[in-house]
Amino acid sequence: MQAAIDEARKGLAAGGIPIGSALMRGGKILATGHNKRVQHGCPVTHAEIDCLRNAGRIPGNFRGATLYSTLMPCYLCAGAAVQFGVAKVIVGESRNFPGAPDFMRSHGIEVVDLDLPECVAMMADFIRDQPALWHEDIGV
């Protein structure tokens, strides 16, 4: 989870939305990423999508991998986890955004919400300081 938190902070420092992600399998980090929607002007460059893109073609597939995210994935990112056979999604928090845990669970993905104060505070501070940008990101 620390790699995902580090990515979120990297995104925030670059003027973006502080959401980070990391993909692991067999105890090894395969890739990391962060939300770059603002930086790239691309509405689908969410943290989890960036992470999966950075992983590239993994020999075989993503089956058995664990995807970490500082915030509960939205339907776009949950759909990518389902599409590519991610086994488990571990999130830093879902208080600031409930995301799509039931969707992932209904497709056999184990979802674990750590409810980490650091993740909750980072996202709450951003939403407070940048409400228009946050609402743009989640389509409100």
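Residues numbered from 1 in each chain as written. Predicted model: local features only at pLDDT ≥ 70, side-chain atom pairs only at ≥ 80, totals over all residues. Heavy atoms only, no water.

(A) Broad picture of the nonpolar core. Counting 33 residues, the largest nonpolar core has L23, V89, M123 and W134 as the members making the most contacts within it. Listing elements by their share of this core, those giving two or more residues are α3 (47-55), α4 (75-83), β4 (88-91), α6 (117-129) and α7 (131-137). Top contributing element to this core by residue count: α3, with 5 residues. Beyond its immediate chain neighbours, meaning those up to four positions away, M123 contacts I17, P18, I19, L71, E93, N96 and W134. M1, I5, A8 and C119 belong to the second largest nonpolar core, which has 9 residues in total. (Core = buried A, V, L, I, M, F, W, Y, C linked by side-chain atoms within 4.5 Å. Buried < 20%, exposed > 50% of the residue type's maximum accessible area, 1.4 Å probe, protein only. Helix = DSSP H or I, 4+ residues; strand = E, 2+ residues; numbered from the N terminus. Contact = heavy atoms within 4.5 Å.)

(B) Expanded view of the sheet that holds strand β2 (residues 28-34). Spatially, the 5 strands line up as an open sheet ordered β2-β1-β3-β4-β5, and their pairing is mixed. Each edge of the open sheet is held by one strand with a lone partner, namely β2 and β5 (110-113). Across the sheet, the mean angle separating the axes of adjacent strands is 15 degrees when strand polarity is ignored. Inspection of the sheet shows strand β1 (residues 20-25) paired to strand β3 (residues 66-69) by 4 bridges, in the antiparallel sense. Bridge pairing in β3 links S21 to S69. Where helix α1 (residues 2-13) meets the sheet, it contacts β1, β2 and β3, and its direction lies at approximately 25 degrees from that of β2. Packing of α3 onto the sheet brings it into contact with β1, β2 and β3, and relative to β2 it is tilted by some 130 degrees. (Pairing = 2+ DSSP bridges. Axes fitted to C-alpha atoms, helices over the stretch in contact; angles between N-to-C directions.)

(C) View of the packing of α1 against α6. Running from amino to carboxyl end, α1 crosses α6 at an angle of 15 degrees, the nearest separation of the two axes being 11 Å. In terms of orientation, α1 lies roughly parallel with respect to α6. The chirality of how α1 crosses α6 is left-handed. On the side of α1, the interface is formed by I5, A8, R9 and L12, while α6 contributes E118, C119, M122 and F126. (Parallel < 35°, antiparallel > 145°, perpendicular 65-115°, else oblique. Left-handed = near helix turned anticlockwise from the far one by under 90°.)

(D) Focus on α3. When you tally the buried positions in α3, you get 7 out of 9 residues, the bulk of the element. Of the residues making up α3, those classed as buried are A47, E48, I49, D50, C51, L52 and A55. Lining the buried residues of α3 we find β1, β2, β3 and α4. At the C-terminal side of α3, G56 shows a positive phi close to 65 degrees.

(E) Broad picture of the pairing of β4. Pairing between β3 and β4: 4 bridges, direction parallel. Looking at β4, one finds that T66 is bridged to K88. A crossover links β3 with its parallel partner β4, the connecting element being α4, and its sense is right-handed. In this structure, β4 lies alongside β5, joined through 4 bridges in parallel fashion. (Right-handed = clockwise from strand over helix to strand, strands pointing away.)

(F) Looking closely at the environment of V91. With respect to the helices and strands, the residue V91 is situated in strand β4. Taking the C-alpha atoms as reference points, V91 and P73, separated by 18 residues in sequence, lie 8.1 Å from one another. Once you skip the residues sitting within four places of it in the chain, V91 turns out to touch M1, S69, L71, M72, P73, V112, D113, L114 and D115.

(G) The packing of α3 against α4, seen in detail. Viewed as axis vectors pointing N to C, α3 and α4 meet at an angle of 35 degrees, and their least axial separation amounts to 8 Å. Here E48, I49 and L52 of α3 lie close against α4, whose contacting residues are L76, C77 and A80.

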